[in-house]
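# Overview (structure and organization)
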Amino acid sequence: AVVSTQDPVWNKQFKFNVKDIHSTLNITVFDEEKTKYNFIGCVKLPILEAHTIHRCLLKDRKLDNLSFGEIFLETQLIYNPVRATVKTLLPPEENLLYEEPKFKRNLFMQNFKRVYSLATVVMSIGLAVQRIYNWENKAKSAFALLLYILIVLSFELYMIPLFLGILIIYQFLARWVGFKSFETWVMNADLQDQSVKEPDDPEDGEDFSLTAKMKMVMGVCQTVQNSLDLVASYCERVKNVFNWTIPFLSFIAATALISGTLLLYFIPLRWIFLVWGINKLTVKLRDPTYEENQELLNFLSRVPSDIELSQMRIITRESSKRKALKSRRK
């Protein structure tokens, strides 16, 4: 401890044996008084970045906002890259101090915005595909069609990790050399003319009533509720297809699967993808009035979910009496 100063200099050296190079160094600064220690701020430094001089502004306990003051650290990291790589592939050690966070409105909104930002990128990619599909820019659509044909004709399995490796290298160059990142390309190309309504967020300093806050939370909860219902419904519909809940629909699915098996057995997958892709990419060019059709989703929408089956179940007097009798026995 350093006393009687607001600009302390510890000038201390510490040596730590690090078991996991992906862990963090947590530093907390207190102000010592006669009867207690007052929290000033803390820093969470990744071990992998502990190889230089750091000038860190202190944060609050939650590490969300800035606190008061700053701290200078000079760190040096010595490690074996091979052992660190092996350790990376092993399960991380359990954090015994971790506590499951309780439900909080701010945390819920924060997680919702995180998912929303990721969904925005997916939406932008979908808009790009949709524009190519609709032939809004004939040059881009023609180039995409030619590229698709070349990829299908020359595709090999090793190209998947090759493409992902090239993407990682490009993102590295975008970060350190100054290239435009992939996400920036997508967002600029497909969202510049689209107005995507973001979730309402109270501005700093704006006083919101309890009713307004409840409406905001209820709106987000409704979105999450509907999304969960959509996912659960489609999973139940797939299950009900295999359970022959609706025999006519299950018969259609069985016929399609057997036909697909024969088709894949006699015709190479490469040529199937080629014909399917050319048809999908040129259908708007051949027929501008064509409306997009998702056959699989349309089929699943005809299959009832478990909730819909319960609502459609016919109850007779005999079945009602049997159900009442069973409940009494229980």
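Coordinates for the structure precede this section.
If you're wondering where the values come from, they're calculated on a predicted model, not measured in any experiment.

A cluster of nonpolar side chains, Phe 143, Leu 147, Ile 151, Phe 155, Leu 157, Ile 160, Phe 163 and Leu 164, forms an exposed patch at the surface whose accessible area comes to about 810 Å². Mapped by element, the contributors of at least two residues to the nonpolar patch are helix H3 (138–154) and helix H4 (159–176). Relative to the elements of secondary structure, Ile 160 occurs in helix H4. Here Ile 160 falls in the partly exposed class, since its relative accessible area comes to 42%.

Along an α-helix, residues three or four apart share an orientation, since each turn contains 3.6 residues. Its 30 residues give helix H2 (residues 105–134) an end-to-end C-alpha distance of 41 Å, which sits within 8% of 44 Å, the value for a rise of 1.5 Å per residue. When H2 is considered as a whole, its buried residues turn out to be Phe 108, Met 109, Phe 112, Tyr 116, Thr 120, Val 121, Ser 124 and Tyr 133. Count one or two residues on from H2 and you reach Trp 135, which has phi positive near 55°.

To continue, consider the packing of H2 against helix H6 (residues 210–242). Their axes nearest at 11 Å, the elements H2 and H6 cross at an angle of 45°. By the angle class used here, H2 and H6 are oblique. The handedness of the crossing between H2 and H6 is left-handed. In contact with Arg 105, Phe 108, Met 109 and Phe 112 of H2, H6 contributes Lys 213, Met 216, Val 217, Val 220, Cys 221, Thr 223 and Val 224. Residues of the contact of H2 with H6, tallied by class, amount to eight nonpolar, one polar and two charged.

Where strand S1 (residues 24–32) lies against strand S2 (residues 37–46), nine bridges are found, and the strand directions are antiparallel. In the strand pairing of S2, Leu 25 is matched with Leu 45. Linking S1 back to S2 in an antiparallel pair, the connection comprises four residues.

Here the focus is the side chain of Thr 120. Mapping Thr 120 onto the fold places it in helix H2. With a relative accessible area of 10%, Thr 120 lands in the buried category. Within polar-contact distance, the side chain of Thr 120 engages the backbone oxygen of Tyr 116 at 2.7 Å.

The rules we used
- Residues numbered from 1 in each chain as written.
- Predicted model: local features only at pLDDT ≥ 70, side-chain atom pairs only at ≥ 80, totals over all residues.
- Heavy atoms only, no water.
- Patch = residues over 30% accessible without salt bridge, like charges linked within 9 Å, V, L, I, M, F, W, Y side chains within 5 Å.
- Areas by Shrake-Rupley, 256 points an atom, 1.4 Å probe, with all protein chains shown as cover.
- Salt bridge = Lys/Arg side-chain N within 4 Å of Asp/Glu carboxyl O.
- Helix = DSSP H or I, 4+ residues; strand = E, 2+ residues; numbered from the N terminus.
- Buried < 20%, exposed > 50% of the residue type's maximum accessible area, 1.4 Å probe, protein only.
- Expected span 1.5 Å × (residues − 1).
- Axes fitted to C-alpha atoms, helices over the stretch in contact; angles between N-to-C directions.
- Parallel < 35°, antiparallel > 145°, perpendicular 65-115°, else oblique.
- Left-handed = near helix turned anticlockwise from the far one by under 90°.
- Contact = heavy atoms within 4.5 Å.
- Nonpolar A, V, L, I, M, F, W, Y, C, P; charged D, E, K, R; others polar.
- Pairing = 2+ DSSP bridges.
- Polar contact = N/O pair within 3.5 Å; in protein donor to acceptor, adjacent residues only side chain to side chain.

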